[in-house]
Every structure is written in C-alpha cells, then in structure tokens.
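In case you want the letters, here they are:
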Amino acid sequence: MSARKSERIMNLTICLLMARRFVEREQIRQLVEGYHGLSDAAFERTFERDKEELRTLGVPIETGSNSALFPDEVGYRIRRTDFELPPLEFDAAETAALGLASTVWEQARLADATVRAVAKLRAAGVEPDASRAAALEASVGAAEPAFEPLWQALLARTRVRFTYHGVVRVVEPWTLAYRRGAWYLVAFDTTRGERRLFKVTRISDAPAPVGRPGAYEIPALDLAESLAALEPAPATAEALLAIADAAAPDLRRRATPAAAAAAHTPAGGAPPGYGLYRWPYAEDRDAAGELAAHGADVVVLAPPALRDAVIAHLRAVAEGAAGAAPERPEGQR
Amino acid sequence: MTSAAQVSRLLALVPYLQQHPDADVRTVAEVFQVTPRQLLADLNVLWFCGLPGGTPGDLIEIDMDAVEAEGRIRLSNADFLARPLRFTLDEAMALAVALRALLEFGDTALRSAVASALAKIEAVVGTEPRVGVLLGGGADAVRDALADALARGVAVRLEYNGASRGATTHPLVDPARVAVRDGYSYLDAWSHDRGAWRTYRLDRIVAVTPTDRPVADHGEPPGWAGGWLDHRPDAVEVTLTLAPAGRWITEYYPLRSVEPAGDGVRATLLVADPVWLRRLLLRLGPAVLAVDPPEAAASARDAARAALAAYDA
C-alpha cells in the first residue's frame with residue numbers, strides 16, 4: 001500500500017467535494033500536492049487511475065463544464081448530496097439488530113463489506129451493539145467457489161458464462177437465494193431463452209463476466225415461487241403404514257391416523273405396539289428409501305408395489321449387495 | 001492491503017473520529033477491524049490531508065502526542081468530512097442480506113426491530129432485494145418461547161422429533177444459545193437427562209414448555225468452529241462407496257472427503273452417532289456398494305433383517 005497514493009486520493013476527494021464549480025484538470029494538478037512534479041503524461045495517467053479508483057469506492061465524480069459557451073472545457077466535482085450517507089436514525093432495538101447483523105456473514109469478503117457498512121453507520125453517529133450476540137448466532141456462509149463472481153455479476157447486472165452439468169451457459173443473474181445451507185441462482189438462460197434455477201455448488205468452473213455491466217433489467221420476482229422446484233414434490237399416492245408407537249415423528253407429521261378397520265389388506269393389520277397411518281407420498285421420489293430408513297419401526301401395508309420396493313431395498317442392506325438404484329430423496333435435485 | 005481499502009476506511013474514519021472525540025486507539029481499531037499499527041499508519045496519512053492550499057491551517061489536525069502518549073485520538077479541523085460516504089451497493093447488499101437472515105431466525109421482538117432497520121437501510125440505498133435468505137428457523141412460537149427462556153435464564157421442557165434417532169422425546173434442558181449452522185437454526189442446551197450438552201434443530205422442536213427452574217452454570221457449550229462434529233472426540237471416520245443414486249449425500253451432509261469411484265463416489269464422513277449411520281445406510285439401501293470399516297455396516301444389516309422379519313419376508 002502506498003501512503004502517498006492514499007494521501008493524494010484523499011486530497012483529490014476533498015478538493016472536488018469542496019469545489020462549488022467544476023474544477024478543470026490543470027487546476028486540479030495545481031491544487032492537489034500529490035500531482036506536483038509529474039510530467040504531463042504521468043499526470044494524465046495518474047489522474048485517470050485515481051478517478052477510476054474513487055468510482056470503484058462508490059465516490060460519485062461528476063463531469064461537466066462551467067461555461068455554456070465553451071462546453072469542451074471539462075471539469076470535475078463531487079456533489080455533497082451524492083457523496084454523503086443521508087441522515088439515518090435508529091432506535092435502540094434497531095441498533096441492536098444492526099450489531100447482530102454485523103456478525104452474520106461467514107464469507108470473508110462480505111463480512112468485510114458488512115464491517116465497512118457498520119463502520120459507516122458508526123461514523124454517522126449510530127452505535128450498533130453486538131452484545132446480544134452471546135445467545136444468538138445467525139450465520140450465513142458461502143463456501144461455493146462460484147458464489148463470489150455471481151454476487152459481483154448480480155450487483156453489476158453483468159451476464160456471466162459458466163459450466164453447469166457439463167454444459168456451457170450464458171445467463172443473466174436475477175437473484176441469489178440461500179436455502180438450507182446452499183446457494184441457488186435464479187437466472188435467465190440466454191441460450192435456452194428461459195428462466196432457470198441453478199445450484200451454485202454444481203457450477204464446475206469460475207463464472208466469467210460476458211459484456212458490460214448494466215446489460216439487462218431484473219424483473220420483479222417472487223422468491224418463494226422461484227424456489228418452488230426445491231420443495232418436496234406434491235403427493236401423488238397414499239400408503240397405509242404401521243408405525244411403532246413414538247417412532248418416526250417425521251413420517252407421522254405428514255400422516256393421518258387410520259381406523260383399524262382400514263387395515264383389511266392382503267398384508268394384514270398393524271402388529272401390537274404399532275399404530276396405523278395414512279401417509280401421502282410422491283411416487284417419483286425415493287419413498288422406499290425414506291421408509292426403509294426406519295427399519296422395523298415402519299411397516300408398509302399398502303400399496304403392494306411400495307411394500308415390495310421397501311422389501312427389496314431392505315434385502316439389499318441385509319445382503320450388503322448392490323441392487324436397483326433408488327430415486328433421489330425429497331427436496332434434492 | 002490496497003490503497004482503495006485504505007481510502008475507503010479513511011473516508012469513514014474522519015467522520016467517526018469527529019463523532020467520537022478523544023477515542024481510544026484499541027476501540028477504533030476494533031470498529032474498523034484493523035490492527036492498532038495500521039490505524040496509526042492511517043492517522044499518519046490523514047496528517048497530510050486537508051483543503052487545497054496546503055497551508056497548515058488547511059490540513060486536518062491530529063494531536064499526535066496524545067496518540068503516542070495516551071493512546072487517544074483527537075482529530076479536528078475536518079468539518080469538510082463530517083459525514084461518511086454513502087454505502088456501496090456491495091456494502092448495502094451485504095448488510096441487507098445479514099438483516100434478512102435475522103428476519104428468518106429471530107424471535108418476534110428481534111424481527112420487528114430488524115424489519116424496521118432493514119426498511120430504513122433499503123430506503124437509503126434504494127436497491128431491489130436481489131438476494132434472498134431462507135433459513136430453517138422453526139415455528140414462531142418455538143423461537144419466541146426460547147428467546148423468553150434465554151432472557152429469563154430458566155430451563156424448558158422440549159417436545160422434540162429427533163430425526164437421527166427417529167423418535168419423539170421430551171428432554172428437560174437449560175438453553176444456552178440459538179445459532180444458525182449450515183442454513184438451519186439450532187438450540188444449544190444442557191440436557192438434564194443426559195448430563196451433557198446437546199444440540200436441537202429448531203424446526204424439529206414441536207413445543208417448548210417453560211419451567212421456573214433457573215439454569216445452572218455448565219460453562220460454555222462446545223463451539224462449532226472446527227466444523228460439523230469435529231468437537232466430538234468419539235466420532236469415527238467411515239468411508240462409503242456409492243452408486244450414482246447415492247451421490248446426493250455429498251450435497252446433503254458435510255463430508256471429510258469425496259472422490260470419484262467408477263460412476264459414483266467414495267465419500268468419507270465423521271460419524272458420532274452409530275444410530276445416525278444405521279439410518280443413513282438403511283436410507284441409501286442398494287446405492288451403498290462398500291462400507292469401510294465393514295463392521296460399521298453390521299448394525300444396519302441387523303436392522304434390515306429385523307425389518308424383513310416384520311414383513312415375514
């Protein structure tokens with residue numbers, strides 16, 4: 001890091017911020033000490049780089065002319081209203097929430113960005129307080145290597161190219177969503193001309209920007225609707241299960257108790273110590289695996305096809321042999 | 001550190017030091033997450049900054065003697081930088097996403113504070129929410145009851161649908177903290193029944209019944225910093241060779257290592273609870289091609305035989 005460079009950029013910022021009119025290049029060269037002693041070419045180069053650096057920091061530099069007669073005489077200034085954080089007031093509960101928010105990100109660069117944002121709030125006189133964090137620890141991670149370039153592309157509205165399931169795609173990022181510990185990208189796939197959902201961890205290379213920032217508009221999106229494909233498939237069938245008392249709460253939660261009279265199936269009724277339940281399930285998912293996971297605590301009475309699938313699944317475990325491949329579990333894709 | 005990072009910090013440091021006269025070097029270093037040494041370097045840069053003109057009266061004044069002798073920062077003559085720079089989009093989004101995470105996770109009181117803070121931040125930056133966060137946070141009533149018990153320092157009785165053991169239990173626990181890990185909210189609590197720290201996933205807690213029993217001091221709950229299960233000294237490594245149909249576990253569970261094996265994968269996981277492994281193997285069924293060590297599969301094999309007996313198969 002160069003202290004001289006930081007000093008020069010700070011003085012340039014103050015100079016442009018205090019100016020009431022556009023300041024022309026030659027004036028800037030004289031007013032800002034850091035530009036003294038540079039050749040014409042070196043000054044031009046340094047000044048262009050400094051302006052670019054300020055723009056990336058979010059300092060809005062305006063270009064214009066003071067003269068209607070000579071509009072080619074270009075100068076620069078920073079409008080205070082564009083530069084300064086507008087007045088913000090937070091009550092005690094809100095500042096506590098902001099303090100807690102400053103500890104949420106696990107991803108290093110976004111944790112830094114949050115720290116910078118909170119430092120700005122403190123510089124504006126707001127005092128976020130993280131003391132409540134002792135009993136509450138929210139955290140959002142982003143370990144996926146593709147996350148960072150997608151975040152940047154989304155904020156800048158730049159199209160990106162990446163490889164997904166072995167296929168190269170160029171997409172317009174619309175939304176990133178964090179769900180159950182994984183990041184998803186909702187994007188418009190320009191190759192296919194449709195909206196698609198991508199699981200970020202399955203992107204196999206580093207997303208690369210394509211074209212310039214601000215290249216597309218992001219339509220209003222219903223996040224829940226965009227992620228609906230990740231929810232469990234709707235039930236298409238109903239099974240009759242015998243579940244051991246107090247066992248398999250995850251199954252019982254979605255099931256309804258069935259009358260004993262319902263148990264006149266070819267497979268017989270419920271064994272002693274078991275209750276009968278009607279359990280809705282999706283046939284194209286791995287219902288057999290889900291049921292087999294409960295071992296002897298869950299017995300399928302009907303339908304026969306599901307009962308046979310569970311028996312085959314259990315035989316594979318009992319015999320330690322490979323067999324037919326089950327479908328993916330619920331919620332996965 | 002780049003010059004850009006330093007300039008960004010300096011633009012916040014100048015208004016901060018004017019808001020906080022006579023600030024302590026260590027406190028300021030902590031707020032800006034830099035070393036005290038870096039902070040002193042920052043002050044040395046500011047020492048040369050000020051209004052164009054360059055006469056001593058134009059420059060920012062810092063009492064360097066007070067910095068060196070007392071560790072106190074007194075900065076003046078900087079009215080022209082009285083307020084911090086606006087948020088960048090990156091900063092605003094990072095903060096907004098963090099607040100959205102709290103919205104998914106906090107109790108009613110916290111959520112109402114978060115929602116109003118978020119509205120104020122978003123009003124200032126004027127951005128569309130482009131990043132969403134959905135955390136498995138459990139029912140509102142559960143979160144509220146736990147927040148209340150944590151605030152009052154009393155034990156609670158949980159109704160808990162433990163998934164790894166597949167049974168509903170009613171443990172009496174001293175709650176210590178609610179934390180999010182890998183996208184789910186968990187309660188860390190001292191279990192009276194077990195005489196040990198236990199972790200309960202919030203979306204599996206069906207009900208929370210408060211008691212009047214004050215919580216005892218059990219020290220700190222074990223941290224998760226090292227990752228999933230790393231804090232369990234009794235955890236053992238198990239390697240599964242899986243057909244393609246079992247590949248989903250690589251995205252579902254934290255794994256020690258994954259490598260391709262034929263069309264499928266070979267995955268190594270840390271197992272702290274043999275019952276959990278038994279259920280996983282029963283779940284995967286024919287997708288499991290090999291288990292190492294082989295005896296790790298014995299319990300699942302026995303359970304499968306017992307289940308087949310229940311089917312008379």
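What counts, and at which threshold
- Residues numbered from 1 in each chain as written.
- Chains lettered and ligands numbered in written order.
- Predicted model: local features only at pLDDT ≥ 70, side-chain atom pairs only at ≥ 80, totals over all residues.
- Heavy atoms only, no water.
- Helix = DSSP H or I, 4+ residues; strand = E, 2+ residues; numbered from the N terminus.
- Rg over C-alpha atoms; globule rule 2.2 N^0.38 Å.
- Buried < 20%, exposed > 50% of the residue type's maximum accessible area, 1.4 Å probe, protein only.
- Contact = heavy atoms within 4.5 Å.
- Domains from an automatic or database assignment.
- Phe/Tyr/Trp six-rings, centres within 6.5 Å; stacked < 30°, edge-to-face > 60°.
- Lys NZ or Arg CZ within 6 Å of the ring centre and 35° of its normal.
- 1 Å grid on protein atoms, 1.4 Å probe; cavity = no way out; pocket = protein on both sides within 12 Å on 5 of 7 lines; lining within 4 Å.
- Points joined across faces, edges and corners; volume = space filled by probe spheres on them.
- Nonpolar A, V, L, I, M, F, W, Y, C, P; charged D, E, K, R; others polar.
- Axes fitted to C-alpha atoms, helices over the stretch in contact; angles between N-to-C directions.
- Parallel < 35°, antiparallel > 145°, perpendicular 65-115°, else oblique.
- Buried area = accessible area lost by both parts, 1.4 Å probe.
- Salt bridge = Lys/Arg side-chain N within 4 Å of Asp/Glu carboxyl O.
- Pairing = 2+ DSSP bridges.
- Polar contact = N/O pair within 3.5 Å; in protein donor to acceptor, adjacent residues only side chain to side chain.

**Q** Any details on the overall build of chain B? Residues and values, ideally.
**A** From N to C terminus, chain B includes 10 helices and 15 strands. For 313 residues, the compact-globule formula gives about 20 Å, and the C-alpha radius of gyration of chain B, at 27 Å, lies well above that figure. Across its three principal directions, the C-alpha atoms of chain B cover 95 × 55 × 40 Å. A burial count over chain B gives 52% of its 313 residues as buried. In chain B, of all internal contacts separated by at least 6 residues, the share reaching a separation of at least 24 is 56%.

**Q** Now, about the domain arrangement of chain A: what can you tell me, with residues and values included?
**A** For chain A, the assigned domains are domain 1 (3–83), domain 2 (92–134), domain 3 (147–228) and domain 4 (237–319). If you average the C-alpha positions of domain 3 of chain A and of domain 4 of chain A, the two centres end up 40 Å apart.

**Q** Any chance you could break down the packing of aromatic side chains for me, citing the residues and the numbers?
**A** Here the structure, examined in full by the defined rule, presents 17 aromatic pairs over all chains. Ring centres of Tyr35(A) and Phe43(A) lie 5.1 Å apart, and the angle between their planes is 85°; this geometry places the pair in the edge-to-face category. Pairing Tyr178(A) with Trp183(A) gives two aromatic rings, centres 5.0 Å apart and planes at 45°, and the pair type is tilted. On the basis of relative accessible area, Tyr178(A) is assigned to the buried category, the value being 3%. Among the aromatic residues, ring-to-ring pairing joins Trp105(A), Phe147(A), Trp151(A), Tyr178(A) and Trp183(A) into one connected group. If you follow Arg77(A) out to its NZ or CZ, it ends over the ring of Phe22(A), 4.2 Å from the centre. Across from the ring centre of Tyr184(B), 3.9 Å away, lies the NZ or CZ of Arg201(B), which sits over that ring.

**Q** Lay out empty space enclosed by the protein with the relevant residues and their values.
**A** All told, the structure shown has 2 cavities of 30 Å³ or more when counted by the stated rule. Taken as a whole, the largest cavity spans an internal volume of roughly 70 Å³. As for the largest cavity, its lining consists of Leu136(A), Phe105(B), Gly106(B), Asp107(B), Arg143(B), Leu146(B), Ala147(B), Leu150(B), Val178(B) and Leu202(B). Each residue belonging to the lining of the largest cavity can be placed in one class, and the counts come to 7 nonpolar, 1 polar and 2 charged.

**Q** Describe the packing of helix H11 (residues 304–319) of chain A against helix H9 (residues 274–284) of chain B, and please don't skip the residues or the numbers.
**A** Orientation of H11(A) relative to H9(B), taken along the N-to-C sense of each, is 125°, at an axis distance of 8 Å. By the angle between their directions, the pair H11(A) and H9(B) is classed as oblique. Between H11(A) and H9(B), the residues in contact are His313(A), Leu314(A) and Val317(A) and Leu281(B), Leu282(B), Arg283(B) and Leu284(B), respectively.

**Q** How would you sum up the packing of helix H6 (residues 108–123) of chain A against helix H5 (residues 89–105) of chain B? Please name residues and give values.
**A** Running from N to C, H6(A) and H5(B) point in directions that differ by 95°, and their axes come no closer than 8 Å. Regarding the angle of H6(A) to H5(B), the classification is roughly perpendicular. Between H6(A), through Arg109(A), Leu110(A), Ala113(A), Thr114(A), Arg116(A), Ala117(A), Val118(A), Lys120(A) and Leu121(A), and H5(B), the contact on the second element is made entirely by Asp90(B), Glu91(B), Ala94(B) and Leu95(B). When its residues are assigned to classes, the contact of H6(A) with H5(B) shows 7 nonpolar, 1 polar and 5 charged.

**Q** Give a detailed account of the interface of chain B and chain A, specifying residues and quantitative values.
**A** Between chain B and chain A, the residue contacts involve 100 residues of the former and 118 residues of the latter. Regarding the contact of chain B and chain A, the summed buried area is about 9500 Å², with carbon and sulfur atoms giving 65% of it. In this structure, the connection of chain B to chain A is made through 5 salt bridges. With its nearest N and O atoms 2.9 Å apart, the salt bridge here joins Arg283(B) to Asp286(A). In terms of residue count, the dominant contributor to the side of chain B that touches chain A is H5(B) (12 residues). Broken down by class, the residue content of the side of chain B that touches chain A amounts to 65 nonpolar, 19 polar and 16 charged.

**Q** Describe the sheet that holds strand E10 (residues 237–244) of chain A, naming the residues involved and giving the relevant values.
**A** Residue and element names in this part refer to chain A. Sheet architecture is open: 4 strands sit in the order E11-E12-E10-E13, paired in antiparallel fashion. Sheet topology places strand E11 (256–257) and strand E13 (298–302) at the edges, where each strand pairs with a single neighbour. Two elements, E10 and strand E12 (residues 274–281), share 8 bridges in a ladder whose sense is antiparallel. Bridge pairing links Ala244 to Tyr274 in E12. Of the strands in this sheet, E10, E12 and E13 touch H11, which is tilted by about 145° from E13.

**Q** Summarise the side chain of Thr268(B); cite the residues concerned and give the values.
**A** All names here are of chain B. Within the secondary structure layout, Thr268 lies in strand E14 (residues 264–271). Exposure remark for Thr268: the relative accessible area of 10% places this residue in the buried category. A distance of 3.0 Å separates the side chain of Thr268 from the side chain of Thr239, its partner in a polar contact. Residues in contact with Thr268, not counting those within four places in the same chain, are Glu237, Val238, Thr239, Leu255, Arg256 and Ser257.

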